[in-house]
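Structure assessment
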Amino acid sequence: MKPKNKLQREVLKLSQSLPELNDYQRKDAIKKVAPHIAKYNSKKEYVCLDCGHSWTGDEAKSVVCPHCHVQLKVDKSRKWNYCDKAYFAIVAKWQGFQVIRMFFMQTNLRKGREASYWISEAFQRWLRPDAKCTIISRARHWLSHYCDCWNWDSDLELRNEHYGHTIIPYKVVGHSSVIPEIKRNGYDGDFHKCSPYTLFKMLLTDNRVETILKVKQYHLLRYAMAYSHTISRYWASIKIALRHKYQINDPSMWFDLLNALEYLEKDLRNPQLILPKDLKKSHDEWMAKKRAKEEREERRRQRERELNEEQRYLENLKRVAKDEAAYKKAKSKFFDLEFVDNEIVIKPLTSVKEFVEEGHLMHHCVFSNQYFKKNDVLIFHALVSNVSVATIELSLENMMIVQCRGVHNSKPEQYDRIVNTIQSNIPKIRQKIAS
Ligand SMILES: [Zn+2]
């Protein structure tokens, strides 16, 4: 992409004046980013995969190579070839710009060979003090989704930002130099495990991030990098936490708590509520209350939907009359069935209106799912003192009880007695079918 304005022309020119990776930076990258492995076998023999030196010694998790003096992680597996790929960043100021240079490094470790490292620069972000960012980058292989598939033969030139540029470096390497505007806004010489670019950009544009960094709430700082909208939304509560020196060590859990309190219409400025001593306990309690309220609301909405549906249905008198007639025609021969077990009376539903009432009373879908239209089933209800305690679906094809449900689809208290009573009366139902 050709530069289109003064800024782009300036950045492109400056980028060509950036120095190559120097020896110190290269060594630092190898030290911090590359894996360093010692193989260990049953003969108590170590082999350093950095330099190839071998020696014997007692088993340990980590050792220092006596030849190259590198700290090594001990690996007892049978693996002898390692290929590691990682990104690292170099952070430098250059002619008033803050530059974040991203390098890709591939490390190859092999038995009997010295380790080899291949390093190439993938892209650079050029941040102006007003937070405007310009990208100088290699081209990407368009067919690939992998983040390390840069076209290394292409030039570092002006390019549009894309997903590949959002990689977070594994380490920042060498000495970092930072423009005064970023230092003024709170940068203290440490990235606190944040991506340098995101941290700088936010320090230049969002004074809340500056505040969080200045009071050393590093967990919250890292959270803010990814969820700035949550920080905005609960900023009033965050300020109270900061004022009370409340350490937010688990921001996700803390914001879940705030979210639950908000849903329950509690005061998000009340330190008693929002700054609990035992966050986990408080979080669990309020989340449970939130879930209970959500369930109540959902039931209420469901109820409203059903009522509307009933209303609409019942208003259409012609259709109701037609359905009533069809239901009577199909099922009236069963209407005089009645099975009794002490206080329980079991009877078929005898009209579509009864389906409406049953669904209404029992808070289930016997009406809304139009069970009265199903020809191969018979719907009963079980009554105690003339009030329904269960609705029962019986298949007329195989005389099986498909379901027997109480209020809100619960299992009714008298489930076994109801099921037994119907089963013992199956011959009577068969007689009706035959009649
Ligand atoms: Zn070595």
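Cut-offs applied
- Residues numbered from 1 in each chain as written.
- Predicted model: local features only at pLDDT ≥ 70, side-chain atom pairs only at ≥ 80, totals over all residues.
- Heavy atoms only, no water.
- Salt bridge = Lys/Arg side-chain N within 4 Å of Asp/Glu carboxyl O.
- Helix = DSSP H or I, 4+ residues; strand = E, 2+ residues; numbered from the N terminus.
- Buried < 20%, exposed > 50% of the residue type's maximum accessible area, 1.4 Å probe, protein only.
- Core = buried A, V, L, I, M, F, W, Y, C linked by side-chain atoms within 4.5 Å.
- Contact = heavy atoms within 4.5 Å.
- Pairing = 2+ DSSP bridges.
- Axes fitted to C-alpha atoms, helices over the stretch in contact; angles between N-to-C directions.
- Parallel < 35°, antiparallel > 145°, perpendicular 65-115°, else oblique.
- Left-handed = near helix turned anticlockwise from the far one by under 90°.
- Nonpolar A, V, L, I, M, F, W, Y, C, P; charged D, E, K, R; others polar.
- Domains from an automatic or database assignment.
- Buried area = accessible area lost by both parts, 1.4 Å probe.
- Polar contact = N/O pair within 3.5 Å; in protein donor to acceptor, adjacent residues only side chain to side chain.
- Donors = N, O, S within 2.8 Å, 3.2 Å for Na, K, Ca; no water.
- Tetrahedral: all angles 85-135°; square planar, octahedral: opposite > 155°, others 65-115°.
- Phe/Tyr/Trp six-rings, centres within 6.5 Å; stacked < 30°, edge-to-face > 60°.
- Lys NZ or Arg CZ within 6 Å of the ring centre and 35° of its normal.

**Quick look at the pattern of salt bridges**
All chains considered together, the criterion is met by 22 salt bridges. Between Asp 58 and Lys 44 there is a salt bridge; the shortest N-O distance is 2.9 Å. In this pair, Asp 58 is assigned in the loop between strand E3 (54–56) and strand E4 (62–64) and Lys 44 in the loop between strand E1 (37–40) and strand E2 (45–48), connecting sequence segments 14 residues apart. The partner of Glu 161 in a salt bridge is Arg 125, and the shortest N-O contact between them spans 2.9 Å. Taken together, the positions of Glu 161 in the loop between strand E10 (157–158) and strand E11 (171–172) and Arg 125 in strand E8 (residues 116–127) put the pair 36 residues apart, joining distant regions of the chain. A relative accessible area of 4% places Arg 125 in the buried class. One continuous salt-bridge network, built from bridges that share partners, spans Glu 298, Arg 301 and Arg 305.

**Quick word on the nonpolar core**
In terms of nonpolar packing, the biggest core is built from 59 residues, with Phe 200, Ile 231, Trp 254 and Phe 255 touching the most fellow members. Sort the elements by how many residues they give to this core and helix H9 (residues 251–263) lands first, with seven residues. Residues within four places of Ile 231 in sequence aside, it is in contact with Arg 208, Ile 212, Leu 220, Tyr 223, Ala 224, Ile 238 and Phe 255. Counting residues in each nonpolar core, the second largest holds 19 residues, with Leu 337, Leu 378, Ala 390 and Leu 394 among its members.

**Regarding the sheet that holds strand E9 (residues 133–137)**
Here we have six strands laid out as an open sheet, ordered E10-E9-E8-E7-E6-E11, and mixed in their pairing. Of all the strands in the sheet, just E10 and E11 have a single pairing partner and so form its edges. Bridge analysis of strand E6 (residues 81–94) against E11 gives two bridges, and the strand direction is parallel. By the bridge assignment for E11, Ala 89 is matched with Val 172. The strands that helix H2 (residues 23–32) touches are E6, strand E7 (97–110), E8 and E11; relative to E8, the one it contacts most, it runs at about 110°.

**Quick notes on the packing of H9 against helix H11 (residues 279–315)**
Close contact between H9 and H11 brings their axes to 9 Å; oriented N to C, the two are set at 40°. The angle between the axes of H9 and H11 places the two elements in the oblique class. Crossing hand, H9 versus H11: left-handed. Of the residues in H11, those touching H9 at Met 253, Trp 254, Asp 256, Leu 257, Asn 259, Ala 260, Leu 261 and Tyr 263 are Leu 279, Lys 280, Ser 282, His 283, Trp 286, Met 287, Lys 290, Lys 293, Glu 294 and Glu 297. Of the residues that constitute the contact of H9 with H11, the class distribution is nine nonpolar, three polar and six charged.

**Focus: the domain arrangement of the protein chain**
Where the parts come together, the accessible area they lose is often given as the size of the interface. Considered domain by domain, the protein chain is made up of domain 1 (6–172), domain 2 (212–315) and domain 3 (323–434). Spacing between the C-alpha centres of domain 2 and domain 3 amounts to 45 Å. Residue-level contacts link seven residues of domain 2 with 11 residues of domain 3. Interface area for domain 2 against domain 3, summed over the two sides, is near 820 Å², with a carbon-plus-sulfur share of 61%. Looking at the side of domain 2 facing domain 3, the largest losses of area belong to Arg 303, Glu 310 and Tyr 313, adding up to 59% of the total buried there. Connecting domain 2 to domain 3 are zero salt bridges. The interface formed by domain 2 and domain 3 contains four residue pairs in polar contact (both at pLDDT 80 or more). Considering only residue class, the side of domain 2 that touches domain 3 consists of three nonpolar, no polar and four charged.

**Focus: the coordination of the zinc ion**
Within the protein, Cys 48 (SG), Cys 51 (SG), Cys 65 (SG) and Cys 68 (SG) serve as the donor atoms for the zinc ion, at 2.2 to 2.4 Å. Here the zinc ion binds four donor atoms, and the angle range of 105 to 117° at the metal identifies the geometry as tetrahedral. Written as a sequence motif, the donor residues of the zinc ion are C-x2-C-x13-C-x2-C. With Cys 51 in the loop between E2 and E3 and Cys 68 in the loop between E4 and strand E5 (71–75), this residue pair connects regions lying 17 residues apart in the sequence. Residue Cys 51 is classed as partly exposed on the basis of its relative accessible area of 22%.

**Observations regarding the packing of aromatic side chains**
According to the stated counting rule, one finds 24 aromatic pairs in the structure shown. With a centroid separation of 5.6 Å and 40° between ring planes, the pair formed by Phe 123 and Trp 150 is classed as tilted. A residue pair is termed long-range when its members are at least 10 positions apart, and Phe 123 in strand E8 and Trp 150 in the loop between E9 and E10 qualify at 27 residues. No difference in accessibility class separates Phe 123 from Trp 150, as the two residues are buried. Between the NZ or CZ atom of Lys 111 and the centre of the ring of Trp 80, over which it lies, the distance is 4.5 Å.

**With respect to the sheet that holds strand E14 (residues 377–384)**
Read across the sheet, five strands follow the order E12-E13-E14-E15-E16 without closing on themselves; strand pairing throughout is antiparallel. The outermost strands of the open sheet, each flanked by one partner alone, are strand E12 (339–341) and strand E16 (401–405). Sheet twist, expressed as the mean angle between neighbouring strand axes with direction ignored, is 20°. Sheet topology places E14 next to strand E15 (residues 387–395); eight bridges connect them, and they run antiparallel. The partner of Ala 382 across the bridge, within E15, is Ala 390.

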